Amino acid sequence: MKNKKPRRVPTEYQCIYRQTDKDLYDVRYNYKELNEDTGKTEYKTKWVYGVKSIDLAKKTLLQLQTSTYDDGEITLQEAYELWLAKARIEGYTDVAVKNTGEHIRMIYTVLSPDLKLRDVDFSLYSSFIERCRVESGYSEYTLSNLNKTFRKLITLAYKEERLKENPIYSFDKVEGFVRDRKVIVSPEEFRMMDNHLSETVFIRNGIDRNLKRRLCLNFLYYTGMTMNEILSVRYRDVTTRQEAPECPQTAFKGLWVHVQGATATKFIIGLDGAKKSKVRDVPLADQLSVLFLEDRKQHLSSGGSADDLVFEFTHGNIADMLRHLTKELHIEKKIVCQSFRDTFIEKMIKNGVTLTQLCSVLGESYRTILTRYPHLFINDPQNIVRVFAEE
């Protein structure tokens, strides 16, 4: 008599199940196959039973989903599909998946999707960097992200044994994308852009989108959040609460946005080497609060849900908006999304916000702030003398 199949329950990972009577996992793989006799596509399922851990189950599923790729023949497009499979299994956020897809679209303007990764050498890599810089006209910050995406796809293909060697290991220290000098947005420039969006219309599908565009601009300027984090905000994430209720004199009763992170990495490494969560709460300035409440009222009155994303934009949409605004207003700066984060950090430090507070609001480590913004921390020995001279 055959043993009954073990009962199983779904896990948080699609196609992975936990056996109820044992601490084991079953993996289900759905695929389609062409029947050469009938000429029709048949849908089939393959199971792997009794996997010992959830991590091993995820790896097993990834191997099943990518088993059609020939060793050493994997292309750039196939590496991207491999990453998408990993993203589904690991539960990456929708914004992280969307941004990587947009990076891939940009990369495909200079590289073929059919490029075999084994053919990537120093010459091709260097020309890719230069062509992105010269032909595309993207900001250096965007180019840096394209570089990271390109490299992570190659590294993933190697780690999943689709490449015998990692071709980028031999030129890891290549001088690739170097970020421009930080561009700071002045209060006057921000007000010019904000007023322009307030006084004009931007009609798409019969709806004026400038309230949303203005709200996004204000999120960039007043919160210091990354574009990924802003695009991940849902209406339910913005609430009212008090800061430090045990200290009423410092209580802040305005709106706060709960930032849950928008990438696969949800931790930073502190100076003590310990992991710290990037999940945090950021207070909203009055002007931003007013705009958000107006937008939320419109959204809910039109049948929207508090679970909906506040913005349906992409990085490209916002980059285009900033490019058009600076051109229309004759602002002689190349302002990108990162410019607002740099502006926020500089403004906070110059106005006496402590490094501890700043790192808490930004979700960054001390090391990151000190490394990226050393010019804001003046190293002048005379400061020590002045402290005692003022006694």
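Here is what the cut-offs are and how they apply
Residues numbered from 1 in each chain as written. Predicted model: local features only at pLDDT ≥ 70, side-chain atom pairs only at ≥ 80, totals over all residues. Heavy atoms only, no water. Phe/Tyr/Trp six-rings, centres within 6.5 Å; stacked < 30°, edge-to-face > 60°. Helix = DSSP H or I, 4+ residues; strand = E, 2+ residues; numbered from the N terminus. Buried < 20%, exposed > 50% of the residue type's maximum accessible area, 1.4 Å probe, protein only. Core = buried A, V, L, I, M, F, W, Y, C linked by side-chain atoms within 4.5 Å. Contact = heavy atoms within 4.5 Å. Pairing = 2+ DSSP bridges.

(A) Quick look at the packing of aromatic side chains. Across all of its chains, the model carries ten aromatic pairs by this definition. Pairing Phe190 with Tyr222 gives two aromatic rings, centres 5.5 Å apart and planes at 85°, and the pair type is edge-to-face. Of this pair, Phe190 sits in helix H6 (residues 187–199) while Tyr222 sits in helix H7 (residues 210–223); the two residues are 32 residues apart in sequence, bridging distant segments of the chain. With a relative accessible area of 2%, Phe190 lands in the buried category. The exposure class of Tyr222 is partly exposed, given its relative accessible area of 24%. Ring centres 6.0 Å apart and planes at 35° place the aromatic pair Tyr235 and Phe292 in the tilted group. Residue Tyr235 is located in the loop between helix H8 (227–231) and strand S7 (238–240), and its partner Phe292 is located in helix H9 (residues 286–301); the two are separated by 57 residues in the primary sequence. This pair shows no difference in class: Tyr235 is buried, exactly as Phe292 is.

(B) Seen up close, the nonpolar core. In this structure, Ile107, Leu111, Leu117, Phe128 and Phe150 are the most contacted members of the largest nonpolar core, which totals 41 residues. Those elements that place two or more of their residues in this core are strand S3 (25–34), helix H1 (54–65), helix H2 (76–90), helix H3 (94–107), helix H4 (122–136) and helix H5 (140–159). Here this core gets eight residues from one element, more than from any other, and that element is H2. In this view, Leu111 contacts Leu76, Leu124, Phe128 and Phe150; residues no more than four positions away in its chain are not counted. With 40 residues, the next largest nonpolar core counts Phe190, Met227, Tyr235 and Leu284 among its residues.

(C) Region of the structure containing the environment of Lys148. When you line up the elements, Lys148 lands in helix H5. A relative accessible area of 53% means that Lys148 is categorised as exposed.

(D) Seen up close, the pairing of strand S2 (residues 16–19). Relative to S2, strand S1 (residues 8–10) runs antiparallel, the two being bridged by three bridges. Note that in S2 the partner of Arg8 across the bridge is Gln19. The turn joining S1 and S2, which pair antiparallel and follow one another in sequence, is formed by five residues; a positive phi near 75° is taken by Cys15. Strand direction decides the pairing type here: S2 and S3, joined by three bridges, are antiparallel. Note that in S3 the partner of Tyr17 across the bridge is Asp26. In sequence, S2 turns back onto S3 through a hairpin of five residues.

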